[in-house]
Every structure is written in C-alpha cells, then in structure tokens.
Amino acid sequence: MKNWVKILLTISSKDLIIELKSKEIIVTITLFSLLVVSIFSVTSSNPSNLSAEIGAGIIWASVVFSGSIAMSKFFSHEEKDETLNAILLMPVPIELIFFSKILSLFIFLTISECLIIGAFSIFFNSNPLSIYILTVIPIFNLGFSCVGTFFGIISSKSRSNEILLTLLLVPIVIPLIMFATELTKAGLSGIHSPNFNLWLSLGILFDIIFLVVLTFLFGKIIDQ
Amino acid sequence: MFRNIYLTISGAITLLSIWMIFIWVPTEVNQGLVQRILYVHVPFAWASMVAIIAVAITSLMFLVTKKIFWDNLSQSLAEVGVVSAIVMLFSGIVWAKPVWGVWWTGEAKLTTALILFLIYCAYLVFRNYFPPGDARNRIAAIIALIGAIDSPIIYYAAQIWQQNHPQAVVGPLATQDSSLSSEMVITLLTCVLAVTLMFVGIVWVQYKTVSRKGLKNVQIS
C-alpha cells in the first residue's frame, strides 16, 4: 500500500516537475482564465452588481474551458514525447497510472480555480470564497479530472485532439457543472441552498460511479 | 420483395398519419393548432430514445462478441438517432414558445435530451476523427456505454434543477389519466407507428451503407 502511494506520487511529481520546467500549462491556463473572466467583466455593464446565478455560471464556465485546454495540452505532450507509452511499460498496476494522471490534473485544476476565483473577486468586486465553494472544488476536480484523463488519453491519439476532448468531456460532466454552479450560487448569494444534501450526494455519486467505471475501462482502452 | 412490401406499408402509414394530423384529428381546445406539433414531436422523441437505448445495447454486444455487425448497427442507430433528436428538439422548441412562453427552459427532460444529443454527436465526431480500425470501434463502443451510464445522472441532476414538462398521459409511463380525446390518441399512436417504421427502414439502409464503407476500407488497406 505504502509502495503504491509512492509510485502514485512519483508519476505525478514527474508531471509537475516537467510543468515547473516548461511552465506551458500554467501560463496557458493563467492567461486563458484571466481572458475569460475579463471578457465577462468588460461585457457586463455593472460588474459589482452581478447576480449570483450569472456569477456562478461565469466561474464554472471559465473553469471548464481553461481546464479542458490544460488537459489537451497535458495529453498532447504525453503523446508527442511518448511518455505515456514509457510509463505503461513500468511493472506497476495500470490503475495506478490512471490515478496518478488524475492527481496531476487535480492539481492543475486547483491552480486554475484559484486564479479564476482571484480574478473574479477583483473584476466583479465580490468574494466567492465560502464553505460551499470549498466543498465543491475537491468533488468537482476529482470527477472532472477522472473523466478528463480518460477522454484525454483517447483523444490524444486522434486528429484535432483539442476539439475532440472538449466535445467528449463537456456533455459527460454536465451534472458536475450543475452541481458546482448551484452550490456556488448559494455561496455567492449567501442564501442557503434548500437542496444542498441532494446536490452533494449527486456530486459524490458522480465521482464514485465514474471513478469505478473508468478505472475498469481504462485498462481496456490502453490494451488498444 | 420484402423491401418493397416494407416501403409500401411504411409509406402508406406515413401518408395516413399526415392526413390524420392535418385533416382528421380535432383541434385541442386549450393549445389550439400548436398542439398538432406534438404528433411530430412525441414520435421523434420516442425514436431518439429507442436509438439511444439501442446504441448502448449494440455497443455492449460489440464489446462482448467482437462482431463487426454490432458496431456497424450501433453507428447506423446513432446517426439516425441524432437526426431524430434534432427533429425532436426543433419541434419541441417551436411548440414551447406559444404554450410555455419561452423557447427553452432548464427542465429535466429537455436538459437530458439535449445533453444526450450532444453526447451522441460527440460519439459520431469521434468515429470520424479517430483512425479507422478495431481500436476505434472498441473505444466508440465504450463512449456509447459511458453516455448510457451518464444519462440517469443527468436526468437526476436536471430534475433537482427544475420541473416543468407535461407528464406522460399515454403509454406505459403515463402517470395520470389521459385528457386527450380518442381521435388524438389514435392519431398519436399512428404517428408513432409511422415514425418507428420509417426509423427502422432508415437504420436498415444506413446499416448497409456503413457495412459497405467498412468493407471498402478493409479492401483498400
């Protein structure tokens, strides 16, 4: 068990070290997040008086698009440098490789969310940080990175991988986006969500189902 | 021979349903002429629902048996299903504006239908972008299964979100007594039969096209 954690952290730290050296994904998601939030700010006539509903939509639309850009960059590098093929030759369970990629993407997504929340606070003069959003972030990131890793590996083998990844990923994670938006809306408005428990159970259910199903299917697609 | 008989029966029922919609069936009192759109909307919603379930079943069969027949059938069903979904969504939008006062609402059935439509569009885009071969067919089948697994979660999420869609009053899912007159029910069922026959016919033709295309690719390679 201890060995497994060590392998998991080793593979993930490899991704993070590569990123620290190239800074390609971080620079891309920073600029993209700033761009998306600033476009919403510029097109809004009174950014300080934004409704909670629209605010939550802006935050999660920015996260989804900057996240999918980060994912396609991440997996196109893996494909170009054939690093995934090299990792697959390691004598470790294939599920551990899947989990390590999820962990790497989880970290990139968290960085992207911190940037977006920071930019949102400045441009819209509002503080989205609340117990709601702090609950949403880990659940959303786990589900999003799990589905993203699966489809990222599939689409990296195809033509137009960026478009394909977004097309495959976004419709599947719609329930997670709804969950995140609904709870962020409650956090922004300060009004307790009456369906808080239902949304929370939905988010957790999504993560469990997709983590189990995609871990099982990951071996099947890697065989191909 | 069978094809000619099938086309004749299907064509005759389609013509009969058109006559019923425009001439025979009485106009509904509350919604007026707009209600007639439902004779197109409901059958196509049924066809797209059948297509989605059938794609999931045929994909599973392909993964289990590895027979190309199931993969070709799955692709044909998805293609015809996506077209049915476009007709369903468009007719629903046109009906909703005069009746609900809005073109679109975030209601559970609408949201689920739209997202499933997008998932199956992505499935077809994937099949076009990925290099042809066994790997593509197997991954496409996996994507279709993921779409099928996701659909109840989408429906559940959308249901918590908002509820506004009229309840089913006809068929096994009916939750309340039908307020439709017997002529309306007969017209609706005739339209469902016409669209189902048309759907099966088009899937059949499409299956043959897909199979021939697959055979041609194998011969070239």
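Here is a short report on the structure shown in this document. (Residues numbered from 1 in each chain as written. Chains lettered and ligands numbered in written order. Predicted model: local features only at pLDDT ≥ 70, side-chain atom pairs only at ≥ 80, totals over all residues. Heavy atoms only, no water.)

Some points on the overall build of chain A
What counts, and what does not: A helix here means a DSSP run of H or I that spans at least four residues, while a strand means a run of E at least two residues long, and both kinds are numbered starting from the N terminus. In this description, contact between two residues means that some pair of their heavy atoms is separated by no more than 4.5 Å. Residue exposure ignores everything except the shown protein chains as possible cover, and the areas themselves are Shrake-Rupley values with a 1.4 Å probe. Under the counting rule used here, the positive set is Lys and Arg, the negative set is Asp and Glu, and His together with the chain ends is not counted. Charged side chains are reduced to one point each, which is NZ for Lys, CZ for Arg, CG for Asp and CD for Glu.
Within chain A, the secondary structure is distributed over 9 helices and 0 strands. Restricting the contact set of chain A to residue pairs at least 6 apart, pairs at least 24 apart contribute 84%. As displayed, chain A offers around 10,000 Å² of accessible surface, 70% of which is attributable to carbon and sulfur atoms. Charge separation in chain A, taken as the distance between the mean sites of 12 positive and 14 negative side-chain charges, equals 6 Å.

Topic: the overall build of chain B
Rule in force here: Burial status follows relative accessibility: with a 1.4 Å probe on protein chains alone, a residue under 20% of its type maximum counts as buried, one over 50% as exposed, and anything between as partly exposed.
Within chain B, the secondary structure is distributed over 6 helices and 0 strands. Reading the secondary structure of chain B in the N-to-C direction produces α-α-α-α-α-α. For chain B, buried positions account for 44% of its 221 residues. The long-range share in chain B, meaning contacts at least 24 apart out of those at least 6 apart in sequence, stands at 74%.

Details of the interface of chain A and chain B
Interfaces are frequently sized by the accessible area removed from exposure as the parts join. Cut-off, in case you're wondering: Buried area is understood as the total, over both parts, of accessible area removed when two parts are fitted together, assessed with a 1.4 Å probe. Salt bridges are counted wherever a side-chain nitrogen of Lys or Arg sits within 4 Å of a carboxyl oxygen of Asp or Glu. The term polar contact refers here to a pair of N or O atoms within 3.5 Å; inside protein, the definition further demands a hydrogen-donor-capable atom paired with an acceptor-capable atom, and it admits residues adjacent in sequence only when both atoms are side-chain atoms.
In this complex, chain A contributes 30 residues to the contact, which on the side of chain B involves 28 residues. Around 2,700 Å² of area is buried between chain A and chain B when both sides are counted, 82% of it from carbon and sulfur atoms. Linking chain A to chain B there are 0 salt bridges. Counting across the interface, chain A meets chain B through 0 residue pairs in polar contact (both at pLDDT 80 or more). For the side of chain A that touches chain B, the secondary structure elements donating two or more residues are helix 6 (131-156), helix 7 (161-172), helix 8 (174-189) and helix 9 (196-223) of chain A. At 12 residues, the largest contribution of residues to the side of chain A that touches chain B is made by helix 9 of chain A.

Looking at the nonpolar core
What counts, and what does not: What is meant by a nonpolar core is a set of buried Ala, Val, Leu, Ile, Met, Phe, Trp, Tyr and Cys residues, joined one to another through side-chain atoms within 4.5 Å.
Core analysis: the biggest nonpolar cluster contains 109 residues, and Phe140, Phe150, Phe151 and Phe179 of chain A have the highest contact counts within it. When residues no more than four places from it in sequence are discounted, the contact partners of Phe140 of chain A are Trp60, Val63, Val64, Glu113, Leu176, Ile177, Phe179 and Ala180 of chain A. By size, the runner-up hydrophobic cluster in this structure holds 6 residues, among which are Ile21, Tyr39, Met184 and Cys191 of chain B.

A look at the environment of Leu84 of chain A
Position of Leu84 of chain A among the secondary structure elements: in helix 4 (residues 83-88). Along the backbone, Leu84 of chain A and Thr184 of chain A are 100 residues apart, and their C-alpha atoms lie at a distance of 36 Å.

Examining helix 2 (residues 38-65) of chain B
Note the cut-off: Residue count minus one, scaled by 1.5 Å, sets the expected span of a helix.
The end-to-end C-alpha distance of helix 2 of chain B is 39 Å, a good match for the 40 Å that 28 residues give at a rise of 1.5 Å each. Just past helix 2 of chain B, the residue Lys66 of chain B takes up positive phi, approximately 60°.

Considering a nonpolar patch on the surface
Residues and elements named next belong to chain B. Here is the rule: Surface patches are defined over residues having more than 30% relative accessible area and no salt bridge, joining like charges when they lie within 9 Å and nonpolar side chains (Val, Leu, Ile, Met, Phe, Trp, Tyr) when within 5 Å.
A surface patch of nonpolar side chains, amounting to about 850 Å² of accessible area, comprises Leu15, Leu16, Ile18, Trp19, Phe22, Ile23, Trp24 and Ile186. Of the residues forming the nonpolar patch, the biggest block, 7 residues, is contributed by helix 1 (residues 2-24). Considering the arrangement of structural elements, one finds Leu16 in helix 1. Overall, Leu16 belongs to the partly exposed group, its relative accessible area being 40%.

Considering unusual backbone geometry
With phi around 55°, Lys23 of chain A is a residue other than glycine that occupies positive phi space. Overall, the relative accessible area of 45% leaves Lys23 of chain A in the partly exposed class.

Focus on the packing of aromatic side chains
All names here are of chain A. Definition in use: Geometry of aromatic contacts follows a simple scheme: Phe, Tyr and Trp rings, the Trp one being its six-membered ring, pair when their centres are within 6.5 Å, and the pair is stacked under 30 degrees between planes, edge-to-face over 60, tilted otherwise.
Tallying each qualifying case throughout the model produces 18 aromatic pairs over all chains. Ring centres 5.5 Å apart and planes at 75° place the aromatic pair Tyr132 and Phe196 in the edge-to-face group. Residue Tyr132 is located in helix 6, and its partner Phe196 is located in helix 9; the two are separated by 64 residues in the primary sequence. Each member of the pair Tyr132 and Phe196 is classed as buried. Through a chain of ring-to-ring contacts, three or more aromatic side chains come together here, namely Trp60, Phe140 and Phe144.

Side note on the pattern of salt bridges
All names here are of chain A. In total, this model carries 5 salt bridges over all chains according to the counting rule given. Among the salt bridges present, the one from Asp15 reaches Lys14, with a minimum N-O distance of 2.9 Å. The exposure class assigned to Asp15 is buried, which follows from its relative accessible area of 5%. Residue classification places Lys14 among the partly exposed positions, given a relative accessible area of 24%. Two residues, Asp15 and Lys101, come together in a salt bridge whose shortest N-O distance is 3.2 Å. Placement of Asp15 in helix 1 (residues 2-22) and of Lys101 in helix 5 (residues 94-124) is noted, with a sequence separation of 86 residues between them. The exposure class of Lys101 is buried, given its relative accessible area of 0%.

A few points about the packing of helix 3 (residues 52-80) of chain A against helix 7 of chain A
When two helices pack together, their arrangement is given by the angle between the helix axes and by the axis-to-axis distance. Residues and elements named next belong to chain A. Inclusion rule: To get an axis, fit a line to the C-alpha atoms, keeping to the stretch in contact for a helix; angles then go from 0 to 180 degrees between the N-to-C directions. With respect to orientation, any angle under 35 degrees is reported as roughly parallel, any angle over 145 as roughly antiparallel, any angle of 65 to 115 as roughly perpendicular, and every other angle as oblique. We call a crossing left-handed when the near helix sits turned anticlockwise from the far one by less than a right angle, and right-handed when that turn is clockwise. Classification used: nonpolar for Ala, Val, Leu, Ile, Met, Phe, Trp, Tyr, Cys and Pro, charged for Asp, Glu, Lys and Arg, polar for all others including Gly.
The N-to-C vectors of helix 3 and helix 7 enclose an angle of 130°; their axes lie 9 Å apart at closest approach. Here helix 7 runs oblique to helix 3, going by the angle between their axes. As helix 3 packs across helix 7, the resulting crossing turns out to be right-handed. Across the interface between the two elements, Val64, Phe65, Ser68, Met71, Ser72 and Ser76 from helix 3 touch Asn161, Glu162, Leu165, Thr166, Leu169 and Val170 from helix 7. Among the residues making up the contact of helix 3 with helix 7, the classes are represented as 6 nonpolar, 5 polar and 1 charged.

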